[in-house]
Amino acid sequence: MTAPAEPADGAALPEFPMRRACPFSPPAAYAGLRETEPVSRARLKVNGKPAWLVTRHDLYKKILGDSRVSANLKLPGYPLQVPVPEETLQSVPLTFLSMDPPDHTVQRRMLAPEFSVRRMRELRGRVQQIVDQQIDQMLAKGADGPVDLVTALALPVPSLVICELLGVPYEDHGRFEEWAWAIMNHDISDEDRGLAHYELDRYVDGLVTAKENEPGDDMISRLIEFNRQTPAVEHSDIVSMSKLMLVTGHETTANMIALGMLALLEHPDQLAALREEPELMPKAVEELLRFFSISDAGTARVALEDIELGGVTIRAGEGILPLNNAANHDERVFPDPDRLDVRREARSHLAFGYGVHQCIGQNLARMELDVVYSTLLRRVPTLRLAAPVEELRFKDDAIVYGLYELPVTW
């Protein structure tokens, strides 16, 4: 089999990314693609280049489990999600998310103990303290009127947690949150994105250097000590790993906290079920992760060889975008997928990706979401929206979907 011919003028190719049909639904085109063309061509909005979209659950897993694809964003054909000048792209070091084995394996093994189930059990008590402290402050502010749940809770909780884990001073959170936003926004200028990368790199490099001289009881210091005992990576690699954990460790969870609470408030039957049966919360967390799939195209790849998938041939050097928001709404796996159901067995969702690059921080994310949702429902039983959903601003312009604000009252 061969890949379908590229249209001469490109007019037949849909543009990617596609906008969600509504805040609670994936793009409308995904359902049709899953049924009629589960491996299909699209044109990237960022640069006009073509790439393959993979929209079916089984094919998503198959392509991400294939050793003939690469996560290396420097390779020709890799489907970038934000504009990056070629000179800049080739000069920046890869994070371990963009490395292939064996380099990826080395760094993942260094980080894995920090995110084990056992480690999360040990951290849960401290996360509960952080959540309670933020809710105390939120309740105090609420005496004066509506409160923005994003700035009061959704953003500070994961920021405080990841700062403590890494050993980053929390008083610097405003700076790295601003840099993270610039890096992950589709519509920001190349100059501003490059400046954000530069400032964040310089900040984290200084932090790692300081801990090399005066280690503490934190993840960065443990990575440094591990590498001294068993040399495996360079100083720049520890900087890169730390930067990645700092950015991804707060941005994704913050968005899920806000979106998850919005979904529950807008689905009172599901909210009532959780109040009546609090033991459903772990299932609810998995269902909300599936339902929103906020990092839709976070598993971009490029083919190293010709690969047959779903009845077509992806040629070597062609970009591939396995879409977890499409795969997580596959009717073959999740009946009535557009319905939020906190009793659903949704653990087979792909919100954290699949294969060797599956999100290393997923245990932390699950635990934080469980603690935040459970504590909010228990401590603020009359929580409600203070603005219509139609007036809320969603992050359709960002790599990771979310809310800019979520006004609430009680």
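Criteria and cut-off values
- Residues numbered from 1 in each chain as written.
- Predicted model: local features only at pLDDT ≥ 70, side-chain atom pairs only at ≥ 80, totals over all residues.
- Heavy atoms only, no water.
- Helix = DSSP H or I, 4+ residues; strand = E, 2+ residues; numbered from the N terminus.
- pLDDT = per-residue confidence, 0-100.
- Contact = heavy atoms within 4.5 Å.
- Buried < 20%, exposed > 50% of the residue type's maximum accessible area, 1.4 Å probe, protein only.
- Axes fitted to C-alpha atoms, helices over the stretch in contact; angles between N-to-C directions.
- Parallel < 35°, antiparallel > 145°, perpendicular 65-115°, else oblique.
- Left-handed = near helix turned anticlockwise from the far one by under 90°.
- Polar contact = N/O pair within 3.5 Å; in protein donor to acceptor, adjacent residues only side chain to side chain.

If you check an unreviewed UniProt entry, the chain appears there as Cytochrome P450 from Streptomyces argyrophylli.

This part is about unusual backbone geometry. The omega torsion of the bond from phenylalanine 16 to proline 17 falls at 10°, within 30 degrees of zero and hence cis. You can see proline 17 is positioned in the loop between strand S1 (15–16) and helix H1 (29–36). At serine 293, a position not held by glycine, the phi torsion is positive, near 45°. Positive phi values are uncommon outside glycine, yet aspartate 336 reaches one of about 50°. Tracing the backbone through its elements, the reader meets aspartate 336 in the loop between helix H14 (324–327) and helix H15 (362–379).

What follows is about the confidence of the model for the chain. Put simply, the chain has an average pLDDT of 93, and 97% of its residues get 70 or more. Under a pLDDT of 50 for its full length, residues 1–5 has, in the predicted model, 12 contacts with residues more than four places off or in other chains.

A word on the environment of leucine 75. Assignment of secondary structure puts leucine 75 in the loop between strand S4 (69–70) and helix H3 (86–91). On the basis of relative accessible area, leucine 75 is assigned to the partly exposed category, the value being 29%. Separated by 244 residues in sequence, leucine 75 and glycine 319 have C-alpha atoms that sit 9.7 Å apart. Once residues lying within four places of it in the same chain are set aside, the contact partners of leucine 75 are Ser70, Val302 and Leu304.

Time to look at the packing of helix H9 (residues 190–213) against helix H10 (residues 219–229). Contact geometry for H9 and H10: axes closest at 9 Å, N-to-C directions at 60°. Compared by their axis directions, H9 and H10 come out oblique. In the crossing of H9 with H10, the sense of the turn from one axis to the other is right-handed. Contacts between H9 and H10 pair Leu207, Val208, Lys211 and Glu212 from the former with Ile220, Ser221, Ile224 and Arg228 from the latter.

Along H10, the positions that sit buried rather than exposed are Met219, Ile220, Ser221, Leu223, Ile224 and Asn227. Turning to H10, the residues buried within the fold contact helix H4 (103–111), helix H7 (156–166), H9 and helix H11 (235–266). Where H10 begins, the side chain of aspartate 218 points an oxygen toward the backbone nitrogen of isoleucine 220, at a separation of 3.3 Å.

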